[in-house]
Amino acid sequence: MRTPSKPTDSDESIATTTSEVSPLLQRSGSTIIHNNNNRHNNKFAMIHISSLFIYIICMIIATALLFSHSNYYHQLSLVNRNNLNSNIEFDETHNNVRQDVVENNIPEKRSIVLTPPPMYLDTRKTSLLGRGRYHQQHNHVDTNNTKVASTSATQLRWGILGAGRIAHDFTSALVSSGCKVTAVATSNDYSRAKSFANAFDIPNYYGTYDDLAQDANVDIVYVATTNQNHLNPTMFMLQSGKNVLVEKPTAVTYKEAKRMYDEARERGLFLMTNHWTRFFPLVKYLRTTFLEQSKSSSSSATTIDMMGSSGPKKDKSSTSSLRWQPHSSQHHHLHQQHRQYNLGKVQAMHGDFGFKTPLDPHDRFLNRTLGGGVTLDVGCYLVELALLAAYDHHQSRTTTVGADVGVNDEGAKRKRRKLTSNELQPNGVTATGHGMYNGFEFPVDVESSFSIRWGGMNYGIWNGECDAIDNSEDENLAINERRGCPVTNGSTQASISGGNDDEFTMIASFQASFRRPSTFEVEYEFENGRVVLHGPGNCPNEMTIYENEPFGPLIRETTVSFKLPKVDLSPYGRSNYPRAEGFVYVIDRIEECMALEGIPGRAGDVNDSGCLELEENSIEEQLATVEITEKVLKEMNYFG
């Protein structure tokens, strides 16, 4: 056991010193601690007061913002209700919906299924519910015209040139809808033509195009060859007196396409590119409801009888979209009402068409010698959809009485000014692309991206300089090279355009691909909303309309869809392309026009000229589609 050591003298002296000093240290230490506590309390109080002050300020600001936000939309609501120029009608019985839109930013949602008007093929007592060719002759009396369809000869007789995938799908639609197919031909494969003919019960089949051209029982030939081989067969058939429907694209170059249409015009024959997209009821509805706008108003207003009880309206100002009637399944929750849109002018477009093709250099998709490339294959659809807006803008804003352009879907002739393809040309085209696919490089565009601009003349963005158009010293200066003058003297902040306030201005941005899937959707952007064609956009049957208040929130979403024709293609095998039954829309219009106007080139027909052009797909639009597509290809260095 360890004993504690005894304290030494030095320890005692230290203790004595400490005991003497400790009272002083205690007093001074107490003073220091007290002062520190006061400072800490004062600091804490200041922080607390500052935080409280900031909190009060934030609450005042939040309250003010909330009040102004609510007041803005309240005032906007009153303006839109009372503005006589507004084409939006708000139903007072749906105040709860309106309150959700304004206060909670919850748009109203609607869904409408519409049934298109009866087809001409139905009037020939050909049921689209069944299949098989039609063998009896019937008179067709159009309720809107006194003209009766020609019955002095047999119905339109089709010949098929080519026996590939697209020929299979188109012929399936022909036969299933009751049309008469009399012959098929391939270039040098008699056995293939025979096999194709047996599959569709076609009486005549040939191993050369010459034999098809000499067949007197063929009125119109569907050219279904690969892209690079459209020119020669089309020219040969026209020179042999045959009408021609050529598969898209019309040709690889504008020069080739122009030759084809010049030949058809000189011989008085029908020639059309199979731009089937234009004939889908949904696209017709899009055009008449949103793209065709009257000169007196920038809004597109269309009235629809939701119950379909009163039939087509007879008012001359009504558009053909009034003929669309809702499907019977919608009757239980749709009330008879007037539906109006106020989207304004179209401003922009977007689209992306992509799908994965087989990695096969011998297939037409990736083979340059066969006219391969994604722009020629599906990019031309996007160009065509953009031209719809440009063409309809020009037509709806002209008062010139033009020539007849075939007959419309009501069987009535329409006067439309004959535009030129130059009038439809954009002010600028930019494009890029590449041929890379899974580590391989192909001599075609596997991926492409391009933009088409209408507006801004040839220079794009104004640089602030003024070309005095009225007093220009250079009278030879082309109008599309002239920049506007300032609104006020000396101002370079705004310009008066060389055109007018009805000038068509739109930028369309597109992408296309062979190496990836996409939604295949197309979107039109308007001043006060947008319209989305749901995929596949080249053969759509559904779209969604998004309506915004001017400078305000989204207030309504309306989904519109159409039933596809009830044709049964299954007896002829699986279709190679989606919605192949949609070919019936093109076939029906050609059959109707030929019945009403006569078949060009047929000896003894009661009409002199016959059907030469369809309103839905004018010749100038077809040529403009080829010309713009060629510009896109040149920008990508497709031609080298």
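What you see is a predicted model, and the numbers here were worked out from it, not measured in a lab. (Residues numbered from 1 in each chain as written. Predicted model: local features only at pLDDT ≥ 70, side-chain atom pairs only at ≥ 80, totals over all residues. Heavy atoms only, no water.)

## A few points about unusual backbone geometry
In this model, Lys-248 is joined to Pro-249 through a cis peptide bond whose omega is -10 degrees. Position of Pro-249 relative to the elements: it lies in the loop between strand 6 (243-246) and helix 8 (254-267). Here Gly-535 and Pro-536 are connected by a cis peptide whose omega angle stands at -5 degrees. For Pro-536, the location among the structural elements is in the loop between strand 20 (529-533) and strand 21 (542-548). (Helix = DSSP H or I, 4+ residues; strand = E, 2+ residues; numbered from the N terminus.)

## Observations concerning the confidence of the model for the chain
Here the chain shows a mean pLDDT of 75. Residues at 70 or above account for 64%. Throughout residues 1-34 the model reports pLDDT below 50, and contacts reaching past four residues in sequence, or to other chains, amount to zero contacts. In this model, residues 72-95 is a region of pLDDT below 50 whose contacts with residues beyond four sequence positions or in other chains number 30 contacts. (pLDDT = per-residue confidence, 0-100. Contact = heavy atoms within 4.5 Å.)

## A few points about the pattern of salt bridges
Applying the stated rule across the entire model yields 22 salt bridges. Here Arg-267 ties to Glu-263 by a salt bridge, and the two come within 2.5 Å at their closest N and O atoms. Taken together, the residues span about one helical turn, with Arg-267 and Glu-263 both in helix 8 at a distance of four residues. Judged by relative accessible area, Arg-267 falls into the partly exposed class, the value being 43%. Close ionic contact of Lys-634 with Glu-630 constitutes a salt bridge, the shortest N to O distance being 3.8 Å. Placement of the pair is Lys-634 and Glu-630 together in helix 12 (residues 619-635), with a separation of four residues, close to one helical turn. For Glu-630, a relative accessible area of 12% corresponds to the buried category. Linked by salt bridges that have partners in common, Arg-278, Arg-287, Glu-384, Asp-392 and Glu-621 make up one network. (Salt bridge = Lys/Arg side-chain N within 4 Å of Asp/Glu carboxyl O. Buried < 20%, exposed > 50% of the residue type's maximum accessible area, 1.4 Å probe, protein only.)

## Description of the layout of surface pockets
Approximately 900 Å³ is the volume attributed to the second largest pocket. Along the walls of the second largest pocket sit 36 residues, with Arg-165, Ile-166, Ala-224, Arg-364 and Tyr-577 positioned nearest its centre. Going through the elements one at a time, helix 4 (165-176) and helix 10 (374-396) are the ones with two or more residues in the lining of the second largest pocket. The element contributing the most residues to the lining of the second largest pocket is helix 10, with three residues. Residue composition of the lining of the second largest pocket, by class: 16 nonpolar, 12 polar and eight charged. (1 Å grid on protein atoms, 1.4 Å probe; cavity = no way out; pocket = protein on both sides within 12 Å on 5 of 7 lines; lining within 4 Å. Points joined across faces, edges and corners; volume = space filled by probe spheres on them. Nonpolar A, V, L, I, M, F, W, Y, C, P; charged D, E, K, R; others polar.)

## Side note on the sheet that holds strand 3 (residues 180-185)
Strand pairing in a sheet relies on backbone hydrogen bonds. The paired strands run either parallel or antiparallel. Reading across the sheet, the six strands line up as 4-3-2-5-6-7 and stay open at both edges, with parallel pairing between neighbours. Every other strand in the sheet has two partners, leaving strand 4 (204-206) and strand 7 (271-273) as the edge strands with one partner each. Ignoring strand direction, the axes of neighbouring strands in this sheet form an average angle of 20 degrees. Relative to strand 4, strand 3 is paired through three bridges, and the arrangement is parallel. Across the sheet, residue Ala-185 finds its bridge partner in strand 4, namely Tyr-206. Sitting on the sheet, helix 4 touches strand 2 (157-161), strand 3, strand 5 (220-223) and strand 6, and the angle it makes with strand 2 is about 165 degrees. Sitting on the sheet, helix 5 (residues 190-200) is in contact with strand 2, strand 3 and strand 4, with an inclination near 155 degrees to strand 4. (Pairing = 2+ DSSP bridges. Axes fitted to C-alpha atoms, helices over the stretch in contact; angles between N-to-C directions.)

## What about a nonpolar patch on the surface?
A contiguous nonpolar surface patch, about 890 Å² in accessible area, is contributed by Leu-52, Phe-53, Ile-54, Tyr-55, Ile-56, Ile-57, Met-59, Ile-60 and Ile-61. For Met-59, the position within the fold is in helix 1 (residues 9-82). (Patch = residues over 30% accessible without salt bridge, like charges linked within 9 Å, V, L, I, M, F, W, Y side chains within 5 Å. Areas by Shrake-Rupley, 256 points an atom, 1.4 Å probe, with all protein chains shown as cover.)

## Quick look at the packing of helix 8 against helix 12
Close contact between helix 8 and helix 12 brings their axes to 9 Å; oriented N to C, the two are set at 160 degrees. On the basis of their axis angle, the class for helix 8 and helix 12 is roughly antiparallel. For the element pair helix 8 and helix 12, the recorded crossing hand is right-handed. Two secondary-structure elements touch here, helix 8 through Tyr-254, Ala-257, Lys-258 and Tyr-261 and helix 12 through Ile-619, Gln-622, Leu-623, Val-626, Glu-627 and Glu-630. Looking at the contact of helix 8 with helix 12 residue by residue, the classes come out as six nonpolar, one polar and three charged. (Parallel < 35°, antiparallel > 145°, perpendicular 65-115°, else oblique. Left-handed = near helix turned anticlockwise from the far one by under 90°.)

## Looking at the packing of helix 4 against helix 11 (residues 583-597)
Running from N to C, helix 4 and helix 11 point in directions that differ by 60 degrees, and their axes come no closer than 9 Å. Our classification of the angle between helix 4 and helix 11 gives oblique. For the element pair helix 4 and helix 11, the recorded crossing hand is right-handed. Here helix 4 contributes Ile-166, Asp-169, Phe-170, Ala-173 and Leu-174 to the contact with helix 11, which in turn contributes Phe-583, Val-584 and Ile-587.

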